[in-house]
Amino acid sequence: GSSGIQSGLEQAQRAAQDIARVGTSSDQTSSLASLVESSVDLLEAKNSLLKTIKEIEGTATDKFMDAFNQVRTNFIDVFRSLFTEEDQCDVVLMDKGDPLESNIDIIAKPTGKRPQSINQLSGGEKSLTALALVFSLYLLKPAPFCILDEVDAPLDDANVGKFTAIIRKFSEESQFIIVSHNK
């Protein structure tokens, strides 16, 4: 920090004084003083830049965490509206110490199933989980229209009903264009 700059400045000043005592010419002393001053300026600029970067990272982390927590809440609500209120789901940061670089784990455990990963869910359950995530992101900043292409393809009739119900709910605020081969 600033103590490092101060220490470096003091060392440079002592070195300049030592050289001046040895009997250097005034041109060399002037040149050395100029270099010392430039060095101090560079150290101050570096520290100012590091401080600015830290402030930006803090702001970005705060904004990300606000958005992440809202998406997490939305995901739980939308997932449970597509499955049941008793179903367990979550969106979890794998490295809470560094949220901007962290992986995100999506947990989906419909009633009666305890999969270790999403890959163990049926095709329809995976699709509904993905839709829950898409709509949880959508709720963060709704768009005037949304295009969904073949998202209902892996769904059976019961799940198509859940899908159409959620589309009806969200179409109160946005227009949806849905490409589908279902009836």
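Rules of the game
- Residues numbered from 1 in each chain as written.
- Predicted model: local features only at pLDDT ≥ 70, side-chain atom pairs only at ≥ 80, totals over all residues.
- Heavy atoms only, no water.
- Helix = DSSP H or I, 4+ residues; strand = E, 2+ residues; numbered from the N terminus.
- Buried < 20%, exposed > 50% of the residue type's maximum accessible area, 1.4 Å probe, protein only.
- Contact = heavy atoms within 4.5 Å.
- Patch = residues over 30% accessible without salt bridge, like charges linked within 9 Å, V, L, I, M, F, W, Y side chains within 5 Å.
- Areas by Shrake-Rupley, 256 points an atom, 1.4 Å probe, with all protein chains shown as cover.
- Salt bridge = Lys/Arg side-chain N within 4 Å of Asp/Glu carboxyl O.
- Lys, Arg positive; Asp, Glu negative; His and termini not counted.
- Charge placed at Lys NZ, Arg CZ, Asp CG, Glu CD.

Trainee: How do you make sense of the overall build of the protein chain when you look at a structure like this?
Mentor: Counting its secondary structure elements, the protein chain contains four helices and four strands. Ordered by position in the sequence, the α and β elements of the protein chain form the string α-α-β-β-α-β-α-β. Among the 183 residues that make up the protein chain, the fraction classed as buried is 26%. Long-range contacts, defined as pairs at least 24 residues apart, comprise 58% of the intrachain contacts of the protein chain with a sequence gap of at least 6.

Trainee: How should I be thinking about a negative patch on the surface in this particular structure?
Mentor: Together, Glu57, Asp95, Asp98 and Glu101 make up a negatively charged patch on the protein surface. If you trace the backbone, Glu101 turns up in the loop between strand 1 (88–93) and strand 2 (104–109).

Trainee: It is not clear to me how the environment of Pro115 should be interpreted in this structure. Could you clarify?
Mentor: Within the fold, Pro115 resides in the loop between strand 2 and helix 3 (123–140). Not counting residues within four places of it along the chain, the set of residues in contact with Pro115 comprises Ala108, Lys109, Gln120 and Leu121.

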